[in-house]
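Below, each chain spelled out in residue letters.
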Amino acid sequence: MYFKFFRRLIIVFIFIFSYNLLEHKILSEEKNCEKHRVFITAHRGSSLKARDNSIEAINIAIEEKADYIEIDVRRTKDNKLVLSHDDVFIKNSGKSFNISESNFNDINRKRIFSIGKIVTLEKALKVIRGKSKINIDLKVNNDEELISKLVAELIEKCKMEEEVIITSSNYGVLLKVKNYNSNIKIGYITRSLAEDFNIDEIDAISIAYEGLNEIVVERVHKLGKEMFVWTVNNEEEGQRAIYLGVDNIITNDVIRIRSLINN
């Protein structure tokens, strides 16, 4: 009789212990999932469905519920910040011109079917505000001081410091942005991360997929920085990036990457 009671007691104890262990495991996994949420950035807006860096591409990315929208920003001769990946364009007449050497109104008067109307950063910020965060990729043409000042002032004017990260492959311009406004997050764009590269002063590393590996992710996270990866468009690369624990995937295909993350 005592033996049966003791055996039942042991079974109840094992059951309670196992239940608590399972509950702890589930909560830990949920907590880890929250910690390792992967954000999705629409590369130049929804660039598969509309001309990149256009308002149409931005609006489609908003409809697709991208967490971030990445846009390329340059400075015109008359100090307007505009959305464009390239600086040099060929007009239909065959002559070339540079955005950095042209005034904003003159650019939009030129007949260039490939780019359509160039949009100002201010207009893009107003369209995106409150609907998505923004990754501004600054393109520099020997104008670090001026372009960093202009972009910092515009973000401050729009009161969007919490919604924006400034990224660039030009490390100097990032530090200048931070000097103008320390509340603006900055991220360094690179194809690979050298072991001796100092990342203490920046908030994120944005690395090409080819340079992504477990060691880089671990190093960046140990220093409390975010890990962005670009440009990831297929399932194999997307799954590997998620597995390695990146924080943000920059993609031309928001829908596909979201499907991978959800699964």
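Residues numbered from 1 in each chain as written. Predicted model: local features only at pLDDT ≥ 70, side-chain atom pairs only at ≥ 80, totals over all residues. Heavy atoms only, no water.

Enquirer: Which residues make up the overall build of the chain, and what values go with them?
Expert: In terms of helices and strands, the chain carries nine helices and 11 strands. Counting the 263 residues in the chain, one finds 46% classified as buried. Put simply, 53% of the contacts in the chain that link residues at least 6 apart link residues at least 24 apart. Per element, the accessible surface of the chain, about 15,000 Å² overall, is 51% carbon and sulfur. (Helix = DSSP H or I, 4+ residues; strand = E, 2+ residues; numbered from the N terminus. Buried < 20%, exposed > 50% of the residue type's maximum accessible area, 1.4 Å probe, protein only. Contact = heavy atoms within 4.5 Å. Areas by Shrake-Rupley, 256 points an atom, 1.4 Å probe, with all protein chains shown as cover.)

Enquirer: Describe the side chain of Asp247, and please don't skip the residues or the numbers.
Expert: Structurally, Asp247 is set in the loop between helix H8 (235-244) and strand E11 (248-251). The buried charged residue Asp247 lacks any salt bridge partner; its closest oppositely charged side chain belongs to Lys185, at an N-O distance of 9.1 Å. Reaching out from Asp247, the side chain makes a polar contact with the side chain of His221 at a distance of 2.7 Å. Among the polar contacts listed, one links the side chain of Asp247 to the backbone nitrogen of Met227, at a separation of 2.7 Å. Setting aside residues no more than four positions away along its own chain, Asp247 makes contact with Arg37, Val38, Phe39, His221, Lys225, Glu226 and Met227. (Lys, Arg positive; Asp, Glu negative; His and termini not counted. Salt bridge = Lys/Arg side-chain N within 4 Å of Asp/Glu carboxyl O. Polar contact = N/O pair within 3.5 Å; in protein donor to acceptor, adjacent residues only side chain to side chain.)

Enquirer: How would you summarise the pairing of strand E2 (residues 68-75) if you had to cite specific residues and measurements?
Expert: Within E2, eight of the eight residues are buried, which leaves it mostly tucked inside the rest of the structure. Alternating residues of E2 divide into Tyr68, Glu70, Asp72 and Arg74 and Ile69, Ile71, Val73 and Arg75, and every residue in both groups is buried. One ladder, built from three bridges, connects strand E1 (residues 39-43) with E2; its direction is parallel. Within the sheet, the bridge partner assigned to His43 lies in E2 and is Glu70. Read from E1 through helix H2 (residues 55-63) to E2, the crossover connection turns out right-handed. Alignment of E2 against strand E3 (residues 81-83), held across three bridges, turns out to be antiparallel. Looking at E3, one finds that Arg75 is bridged to Leu81. Here E2 folds back onto E3, and the loop between the two strands holds five residues, one of which, Asn79, carries a positive phi near 65°. (Pairing = 2+ DSSP bridges. Right-handed = clockwise from strand over helix to strand, strands pointing away.)

Enquirer: So what's going on with helix H6 (residues 171-180)? Which residues, and what values?
Expert: All of the buried residues along H6 are Val173, Leu174 and Val177. Within H6, the buried residues cover an arc of 105° as seen down the axis, which keeps them to one side. For H6, the elements touching its buried residues are strand E6 (133-138), helix H5 (144-157), strand E7 (164-168) and strand E8 (185-190). A distance of 3.1 Å separates the backbone nitrogen of Gly172 from a side-chain oxygen at the start of H6, and that oxygen is part of Asn170. (Arc of directions from axis to C-beta.)

Enquirer: Account for the nonpolar core, naming residues and giving values.
Expert: Counting 58 residues, the largest nonpolar core has Ile58, Leu121, Ile136 and Ile166 as the members making the most contacts within it. Ranked by residues supplied to this core, first place goes to H5 with six residues. In this structure, Tyr68, Ala204, Phe228 and Ile250 belong to the second largest nonpolar core, which totals eight residues. (Core = buried A, V, L, I, M, F, W, Y, C linked by side-chain atoms within 4.5 Å.)

Enquirer: Before we move on, could you go through the packing of aromatic side chains and cite the residues and values that matter?
Expert: One pass over the full model with this rule turns up five aromatic pairs. Taking the centre distance of 6.2 Å and the plane angle of 80° together, the rings of Phe39 and Tyr68 count as edge-to-face. In this pair, Phe39 sits in strand E1 while Tyr68 sits in strand E2, placing the two residues 29 residues apart along the sequence. Classification of Phe39 by relative accessible area gives partly exposed; the value is 27%. The buried category is assigned to Tyr68, whose relative accessible area is 7%. Summarising the aromatic geometry, the rings of Tyr171 and Tyr188 are spaced 5.6 Å apart at their centres and angled 90° between planes, so their arrangement reads as edge-to-face. Highlighted residues: Tyr171 in helix H6 and Tyr188 in strand E8, separated in sequence by 17 residues. Taken together, the ring pairs in this structure connect Phe39, Tyr68 and Phe228 into an aromatic cluster. (Phe/Tyr/Trp six-rings, centres within 6.5 Å; stacked < 30°, edge-to-face > 60°.)

Enquirer: Which residues make up the confidence of the model for the chain, and what values go with them?
Expert: Of all residues in the chain, 83% have pLDDT values of 70 or greater, and the mean over the chain is 88. Taken as a whole, residues 24-33 scores under 50 in pLDDT and shows zero contacts with residues more than four places along the chain or in a different chain. (pLDDT = per-residue confidence, 0-100.)

Enquirer: Describe in detail the pairing of E6, supporting the description with residues and values.
Expert: With respect to burial, E6 is a largely interior element, five of its six residues being buried. When E2 meets E6, the two strands line up parallel, connected through six bridges. Directly across from Asp72, in E6, lies its bridge partner Asp137. Two elements, E6 and E7, share four bridges in a ladder whose sense is parallel. Residue pairing across strands places Asn135 opposite Ile165, the latter belonging to E7.

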